[in-house]
Amino acid sequence: MSLLTHMPLSPESPARPVRALVYGDVDLNLIDGSAIWAVSVVRALREAGCEVTFVLKSPVRTDRLTAPLAALPGVTLRRPREEGLTPRTRRSRRGMPPHVAAAVLAGIDEEAPHDLLVVRGRRVSAQLALAGRFAGRMWTYLTDVPQSLGDLTDGLRRELDMIARASRYLLCQTEELRCFLEQIVPATCGKSVLLPPIVPPPPPVVRTGHPVVRLVYTGKFAPAWKTLEMTGLPARLEAAGVAAELHMIGDKVHEHPPGYAREMRAALSGTPGVIWHGGQSREDTMRLAGGCDFGLSWRDESLDASLELSTKVLEYGALGLPVILNRTPMHEALLGSDYPLYAASEQDVAEAVRRATADPSVRRLAADRCESAARRFSLDEAARRLRSYLARAFPAPVRATPRATTAQAGQTARAGQVGQTAQAGQTVQAGQTARAAQVRAVPEVPAAPLKVAVAGHDLKFLTGVLEHLRAVPGLELRLDRWHALNRHDEAASREVRDWADVVLCEWAGPVAVWYSRHKRPGQRLLVRLHRFELYRRWPYQIDIGAVDAVICVSPHYARLTRERTGWPREKVVTVPNWVDVDQLDRPKLPGSQYRLGMIGIAPMRKRLDLALDVLAALRRRDPRYTLAVKSKLPWEYPWIWQRPEEREGFTACFERLRRDPLLDQAVVFDPFGPDVAAWLRRVGWVLSTSDDESFHLAPAEGMAAGAVPALLPWPGVDTIYDPRWVHEDPEAMAAAIAGIVEGGAWERESAEARRQVRDAYALDTVNALVLDLLTGRAPAPEAPRSSARPTVPAAS
Amino acid sequence: MKPDPELVRLRRALRERDGRIQELAARLAAVEGSVTLRVGQTLVGAARRPGRRMVRLPRDLYRLWRTSARTDVRETSERPAPAPSQTEAPGTVPSPFLGLTEEERLLVAPRDRLVIAGVLTPEAVAALEPYAHVVPLTPHAAELVGDLRDPDLVLIQAAACTGHGPWAHLGDPAATDRERRIREVIASSQIRGRPVVLWRDAPAAPGLRRLPVDEVVEGDLGVPLHLYNPIALDPARSRVPLVHTAGPRPPEVPGPVAHAVRHEPARFREHAVAVVDTEAAALRALACGARVVSTVPVPGAAHAPDAASLAAETAAAVGAGPRTEEEQREVTRRLFAEHALPVRLAALLSRLGLDAGPLASRRVSVLVTPAAGDPRTLAAELRAQTLAPAEIVLPAELGATASELPGVPVRLAPGGGWEGLVAAAREPYVVRWTPGRGPHALADLLCALECSGADAIGIRPPEAAGNGGTANGALAGEGLAAAGIRAAGLGDAGARGGTRGPAAGWAFGAEAGLEPVLMRRDLAAVLDPAAWARGGARLLAIPGG
């Protein structure tokens with residue numbers, strides 16, 4: 001994703017920056033993690049180019065955090081209580097309850113509409129979602145969510161679903177939280193993005209030498225945080241010959257279980273070697289911690305499965321402290337599996353300190369790892385992420401198209417778009433001199449918003465495009481949803497026909513037939529043909545003279561379409577399917593190079609049987625290979641299961657799975673659903689073993705997720721995918737997979753796959769092509785090219 | 001004033017009618033809320049609108065049944081007492097299992113072995129198979145298979161949740177879909193009163209700990225001696241240490257080493273020295289005759305918690321050479337008694353209140369012949385056994401000895417002679433008891449049986465103990481099938497016909513002079529090892545001791 005080089009523009013007026021409203025269910029009079037978060041997000045949004053209005057939950061009693069914010073240009077602080085915005089009966093030192101906050105935010109937005117609302121807190125987010133005013137504008141940061149399935153109730157799920165539907169983005173602190181949310185609330189899929197912790201730079205710390213080893217802990221005192229056990233460390237270390245003292249900073253002592261608070265306070269104040277500093281300002285906390293040698297973040301194992309990353313670990317790292325903490329997958333991803341200071345018990349903690357004290361290189365390595373990790377969570381990095389999210393949420397406005405007779409018009413129109421479409425092979429390309437002569441004059445788009453209608457019975461393949469079109473300034477979008485392939489409300493369709501400047505028919509079926517026969521003069525009509533339509537009667541019923549462009553998803557199908565229909569060559573263009581590369585680009589789970597994947601196995605032409613052949617061949621070499629299938633099962637499609645040949649084919653596959661010892665426990669059928677991005681993390685190879693496909697999106701999605709594609713030579717495959725991924729038969733495919741894995745080259749291939757799909761089929765690229773077609777700027781298609789020349793460029 | 005009879009009659013009729021109305025109202029409410037009605041509605045609905053509804057029918061019915069079961073469990077305390085007319089026959093408990101009652105299930109699904117279903121590695125399945133009927137679950141069919149097979153125990157093995165199997169990454173938020181599946185299995189099992197155990201034998205995703213299991217078992221479930229054992233070890237096996245790694249940082253051993261990650265019996269058997277970092281690997285290496293150096297404390301292994309001691313202990317182990325036969329016997333005895341899989345599994349089942357007898361394979365009938373010597377000595381020897389027999393069968397003339405054998409069932413053979421003793425025995429394996437056996441005799445025999453799965457165990461005469469006294473010394477030059485090894489990856493050549501020359505250590509084969517001591521009861525009638533071998537029976541020879 002390219003960085004914005006300009007301020008994100010508001011959808012309402014290209015002349016002004018995006019207005020961001022920020023609210024957190026946090027009290028900025030308490031300097032804790034959530035307060036630091038709120039302040040950091042305000043700063044990051046400002047760095048990303050937004051004008052920020054920050055609404056405070058509580059009256060200001062101490063301005064340590066608010067005063068620096070108020071002084072920033074482009075940041076406005078709103079104090080509802082001081083400004084009299086809160087109802088008198090609801091005033092409280094604890095701040096606004098959620099429903100009052102929702103009303104206050106609505107009022108502020110009424111005064112001056114904002115483009116987005118960043119909100120932290122599940123309860124206030126639910127209130128806002130329920131009220132509906134901010135629907136589609138919420139950027140919701142959820143931390144107080146259930147951490148496991150066991151904590152998830154139906155009520156919570158419904159609430160999260162409501163929040164997700166009202167949100168433009170769900171801002172997730174960690175990848176773990178994002179994957180979990182996507183798998184429990186499908187509505188979060190496609191809109192969950194990462195906003196990791198932001199670690200403000202620490203204040204300057206003066207390090208002085210000291211004769212004893214200093215350990216430091218900052219935070220709450222609670223059983224699961226092992227703070228009582230920590231007080232035993234100085235004595236334990238002394239017994240091991242290491243003089244040490246433990247500095248404890250904080251004043252929140254948990255009351256449960258009974259007796260704990262008394263015991264904890266006694267340990268804090270009465271244990272030799274333990275120095276309790278009580279509650280301190282953030283600056284003083286950092287200063288004290290910076291003067292120590294080790295940071296402690298060792299906790300009870302019950303917290304190992306937390307979906308959140310402790311900001312404390314990063315703050316220690318920013319101070320240059322090595323941290324002693326639990327070994328968890330999250331920490332291993334942060335610091336490395338060979339990080340030397342993991343601990344699972346008090347004894348481990350003491351041993352880690354002893355070892356790192358005895359060997360300075362161990363301490364140095366640990367400190368370097370922690371400091372390096374902390375740098376990845378900087379304000380600049382947060383601002384960069386937010387810019388990318390802003391760019392997607394607020395795309396550049398559509399501009400009127402001048403009469404174009406030369407390639408220069410196309411080049412000008414492309415300025416500011418992602419410039420990599422020129423590498424998209426046989427798809428519509430921009431600004432190539434060789435094609436200049438083919439550019440035709442197109443009607444000038446009026447200065448008024450371009451009215452675009454999308455019609456069809458199944459729009460699932462356009463969701464990313466539709467989302468973009470809804471956000472593009474200067475464009476209005478309406479949908480004509482047909483009830484079924486051949487059933488619609490004709491009056492509604494006529495109304496849409498009368499309203500729209502441009503109509504895009506999704507599927508070259510009855511919807512295209514109808515609109516071609518009812519096209520309004522001056523209107524632009526586009527038809528998107530997938531595959532199956534070509535083998536039915538509808539293309540021959542379409543009035544092609546009324547159609548301005550037929551969009552095919554691959555060069556192969558564009559050629560087939562021309563051959564079968566005889567339609568004018570210049571009317572049949574190729575725009576590939578889109579892949580949301582940013583959403584799918586996630587780290588792989590360990591062992592994924594041994595896991596094959598298939599997305600969609602029905603109907604039988606997808607050739608599950610051949611995929612089983614590949615798997616069997618691999619498992620003869622290495623039993624670690626498995627196949628994950630994400631699909632509905634064939635009997636869930638009545639129109640498939642009632643066909644004898646389909647039933648017979650699938651039954652044979654499932655019987656084979658039951659009887660072949662080579663495939664025992666080797667195939668898992670995962671449920672169909674939108675959580676493809678999380679699912680692909682476990683998959684290292686995506687197979688395409690079909691007899692025939694128009695595009696086959698699954699391998700491309702897999703590539704975006706770092707899964708190497710493996711395809712059989714169905715017709716046209718080499719016009720879409722790099723021939724290096726195409727194999728002659730299942731045995732050859734298996735041999736290639738094994739060769740790459742055994743040769744240690746899987747990671748390299750994975751990286752290449754990611755690069756290729758990002759270059760060719762990224763959502764931004766396809767959106768730009770579609771927009772060009774809608775506005776009539778697309779030049780005529782180039783001459784058909786050899787199928788030997790791939791659309792996705794081969795690696796150089 | 002005397003009541004009007006007609007009025008009395010009418011009032012009685014009214015009361016009866018009110019009562020009837022209340023009864024009918026209660027029954028109507030029960031019917032409307034019943035699963036039966038909903039099943040009927042589902043069936044009718046599917047018939048009226050075939051297509052998608054028909055396809056969903058089996059699943060809908062299944063879900064109705066499951067919902068009914070869970071509702072029954074949750075709402076039992078809240079449910080009002082049924083009207084008398086709805087009371088079921090006393091003693092009949094409705095069961096969620098396919099609609100059958102508990103009593104009907106007993107008729108429909110007899111079983112002779114424990115049924116364990118679960119999330120298991122192939123190695124664990126192989127290890128458990130002699131002791132239970134094992135049903136590995138796959139995520140997409142877990143709940144269905146669990147309900148159909150109705151396991152006695154559900155086992156979730158942490159090692160199966162890492163790596164590459166069908167449940168890989170269970171417990172990681174990226175595999176929440178898998179966690180949803182296993183939670184359904186857990187809920188279903190617990191509804192039926194079947195325990196669910198998390199077996200934490202390997203580092204796995206921390207989310208596993210949040211599963212609502214009934215018990216957590218830490219560490220190894222015990223070494224499966226039928227897979228890892230000292231049968232026919234090659235005395236010339238490599239002295240290059242085998243470093244077996246499970247943790248994130250392998251032990252650093254100086255000098256040439258071999259590496260292994262997975263538990264493979266063949267690899268362990270190839271090396272006389274093993275350096276390990278887990279209890280599981282240590283036990284398996286010990287069982288395969290290795291001298292073991294371990295970074296974690298394990299009985300029988302040299303503990304080396306740091307680099308310096310690791311180097312020193314490894315050098316010492318290499319220098320010491322292979323274990324003697326006596327040393328290995330001690331190691332194997334301890335493993336058999338304390339760390340073998342059936343022992344630990346039996347302890348777990350006992351804690352869970354299950355009576356499934358994984359130690360049933362260790363039950364043997366001791367047959368005492370009249371020539372067994374002085375009865376008092378005989379009794380003392382039997383009482384001293386570290387592994388008690390399941391029963392002792394005495395000839396009638398030694399009946400008085402029974403009083404000297406408290407705590408052990410004693411049976412008297414009514415008929416005379418060896419055949420009579422065999423006929424009276426109840427256990428599948430019998431031991432021919434002769435005097436002069438040490439306190440570990442039965443344990444050693446049953447240990448050899450557990451390791452080999454042989455049909456008979458014979459004791460090699462002391463003068464044929466092999467070459468130079470080294471443990472499991474050189475096999476006879478024929479060296480081959482007598483090494484009928486049952487460990488995974490190595491073929492079991494089985495017994496061969498005819499007698500063979502003397503071998504050493506544990507080895508398959510009918511050797512000359514072999515004294516059959518433990519045998520299958522059906523073989524015991526005729527004590528002829530050569531005949532057994534010709535009939536295909538497998539005979540394991542062990543040294544006397």
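Not measured: the values here are computed from a predicted model. (Residues numbered from 1 in each chain as written. Chains lettered and ligands numbered in written order. Predicted model: local features only at pLDDT ≥ 70, side-chain atom pairs only at ≥ 80, totals over all residues.)

### As for the overall build of chain B
- For chain B, the helix and strand inventory stands at 16 helices and 18 strands.
- Evaluated residue by residue, chain B yields a buried proportion of 42% over its 545 residues.
- Across chain B, contacts joining residues at least 24 apart in sequence account for 66% of those joining residues at least 6 apart. (Helix = DSSP H or I, 4+ residues; strand = E, 2+ residues; numbered from the N terminus. Buried ≥ 20, exposed ≤ 12 C-beta atoms within 10 Å, placed from the backbone. Contact = placed C-beta atoms within 7 Å.)

### Notes on the overall build of chain A
- Secondary structure assignment for chain A yields 29 helices and 23 strands.
- By residue count, 49% of the 796 residues in chain A fall in the buried class.
- Put simply, 72% of the contacts in chain A that link residues at least 6 apart link residues at least 24 apart.

### With respect to the sheet that holds strand E6 (residues 167-172) of chain A
Residue and element names in this part refer to chain A.
- Spatial ordering of the open sheet is given by E3-E2-E1-E4-E5-E6-E7, a layout of seven strands whose pairing is parallel. With partners counted over all chains shown, the strands left at the sheet margins are strand E3 (75-78) and strand E7 (192-194), one partner each. The average undirected angle you get between the axes of adjacent strands in this sheet is 25°.
- With four bridges joining them, strand E2 (residues 51-55) and E3 adopt parallel strand pairing. Each residue of the ladder has a partner; that of Val52, found in E3, is Val75.
- Contacts from helix H6 (residues 175-184) reach E6 and E7 within the one sheet, and its direction differs from that of E7 by about 175°. (Pairing = 2+ DSSP bridges. Axes fitted to C-alpha atoms, helices over the stretch in contact; angles between N-to-C directions.)

### Brief notes about the environment of Leu771(A)
Residues and elements named next belong to chain A.
- One can find Leu771 in helix H29 (residues 763-775).
- Given 24 C-beta atoms within 10 Å, Leu771 falls into the buried group.
- Along the sequence, Leu771 and Asp304 sit 467 residues apart, while their C-alpha atoms lie 47 Å from each other.

### Re the interface of chain B and chain A
- Listed per partner, the contact involves 30 residues of chain B and 34 residues of chain A.
- In terms of residue count, helix H7 (residues 176-191) of chain B provides more of the side of chain B that touches chain A than any other element does, five residues in total.

### Remarks on the sheet that holds strand E10 (residues 302-303) of chain B
All names here are of chain B.
- Spatial strand order, E7-E6-E8-E9-E10: five strands in an open sheet with parallel pairing. Among the strands making up the open sheet, the edge pair consists of strand E7 (258-260) and E10.
- With three bridges joining them, strand E6 (residues 242-244) and strand E8 (residues 273-276) adopt parallel strand pairing. Opposite His244, over in E8, you have Val276 as the bridge partner.
- On the sheet, helix H10 (residues 307-320) packs against E8, strand E9 (291-294) and E10 and is oriented at approximately 180° with respect to E9.

### With respect to the domain arrangement of chain A
All names here are of chain A.
- When its domains are assigned, chain A resolves into domain 1 (19-194), domain 2 (213-374), domain 3 (407-574) and domain 4 (586-761).
- Distance between the C-alpha centres of domain 1 and domain 4: 41 Å.
- In this assembly, seven residues from domain 1 lie in contact with seven residues from domain 4.
- Considered class by class, the residues forming the side of domain 1 that touches domain 4 number three nonpolar, two polar and two charged. (Domains from an automatic or database assignment. Nonpolar A, V, L, I, M, F, W, Y, C, P; charged D, E, K, R; others polar.)

### Let's talk about H29(A)
Residues and elements named next belong to chain A.
- Taking 1.5 Å as the rise per residue, H29 with 13 residues should run 18 Å; its terminal C-alpha atoms sit 18 Å apart, in good agreement.
- Of all 13 residues in H29, 13 are buried, a share of seventy percent or more.
- Within two residues after H29, Gly776 carries a phi angle of roughly 80°, on the positive side. (Expected span 1.5 Å × (residues − 1).)

### What to know about helix H15 (residues 379-393) of chain A
All names here are of chain A.
- The terminal C-alpha atoms of H15 lie 21 Å apart, and with 15 residues this matches the ideal 21 Å at 1.5 Å per residue to within 8%.
- By the burial criterion, the buried members of H15 are Ala382, Leu386, Arg387, Tyr389, Leu390, Ala391, Arg392 and Ala393.
- Tucked inside the fold, the buried residues of H15 contact helix H1 (33-47), strand E4 (116-120), E6, E7 and helix H17 (463-471).

### Let's talk about unusual backbone geometry
Residues and elements named next belong to chain A.
- Between His256 and Pro257 the backbone carries a cis peptide bond, its omega angle lying at 0°.
- Summarising the element assignment, Pro257 is placed in the loop between strand E9 (244-249) and helix H9 (260-270).
- Cis geometry marks the peptide bond from Ala602 to Pro603; its omega dihedral reads 5°.
- Topologically, Pro603 is positioned in the loop between strand E19 (595-599) and helix H22 (608-621).
- Positive phi, close to 90°, is recorded for Trp507, a residue that is not glycine.
- Following the sequence through the fold, Trp507 ends up in the loop between strand E15 (502-506) and helix H19 (510-517).
- For Trp507, a count of 23 C-beta atoms within 10 Å translates into the label buried.

### A few points about the pairing of strand E8 (residues 213-218) of chain A
All names here are of chain A.
- Most of E8 sits out of view: five of its six residues are buried.
- With six bridges connecting them, E8 and E9 associate as parallel partners. Looking at E9, one finds that Val213 is bridged to Ala244.

### Section: the nonpolar core
- The biggest cluster of nonpolar side chains holds 363 residues, and the ones touching the most others in it are Val22(A), Leu45(A) and Val527(A).
- Apart from the residues lying within four places of it in its own chain, the contact partners of Leu45(A) are Ala20(A), Val22(A), Cys50(A), Val52(A), Val118(A) and Leu386(A). (Core = buried A, V, L, I, M, F, W, Y, C linked by C-beta atoms within 7 Å.)

### Digging into the environment of Val213(A)
Residue and element names in this part refer to chain A.
- For Val213, the position within the fold is in strand E8.
- Along the chain, Val213 and Asp304 lie 91 residues apart, while their C-alpha atoms are 27 Å from each other.
- The contact partners of Val213, leaving out residues within four places of it in the chain, are Val242, Ala243, Ala244, Asp293, Val353 and Thr357.

### Notes on the confidence of the model for chain A
All names here are of chain A.
- Of the residues in chain A, 89% reach a pLDDT of 70 or more, and the chain-wide mean stands at 88.
- Overall, residues 1-6 carries pLDDT values under 50, and its contacts beyond four positions in sequence, including any with other chains, amount to seven contacts.
- With pLDDT under 50 throughout, residues 401-446 is counted as low confidence; its partners more than four residues away or in other chains account for 99 contacts. (pLDDT = per-residue confidence, 0-100.)

### A word on the packing of helix H11 (residues 311-318) of chain A against helix H14 (residues 360-375) of chain A
Residues and elements named next belong to chain A.
- It is at 7 Å that the axes of H11 and H14 come closest, and there the two elements cross at 110°. It follows that H11 is roughly perpendicular to H14 by the angle criterion. Relative to H14, H11 is oriented so that their crossing is left-handed. Contacts between H11 and H14 pair Leu314, Tyr316, Gly317 and Ala318 from the former with Cys370, Glu371, Ala373 and Ala374 from the latter.
- Looking at the contact of H11 with H14 residue by residue, the classes come out as six nonpolar, one polar and one charged. (Parallel < 35°, antiparallel > 145°, perpendicular 65-115°, else oblique. Left-handed = near helix turned anticlockwise from the far one by under 90°.)

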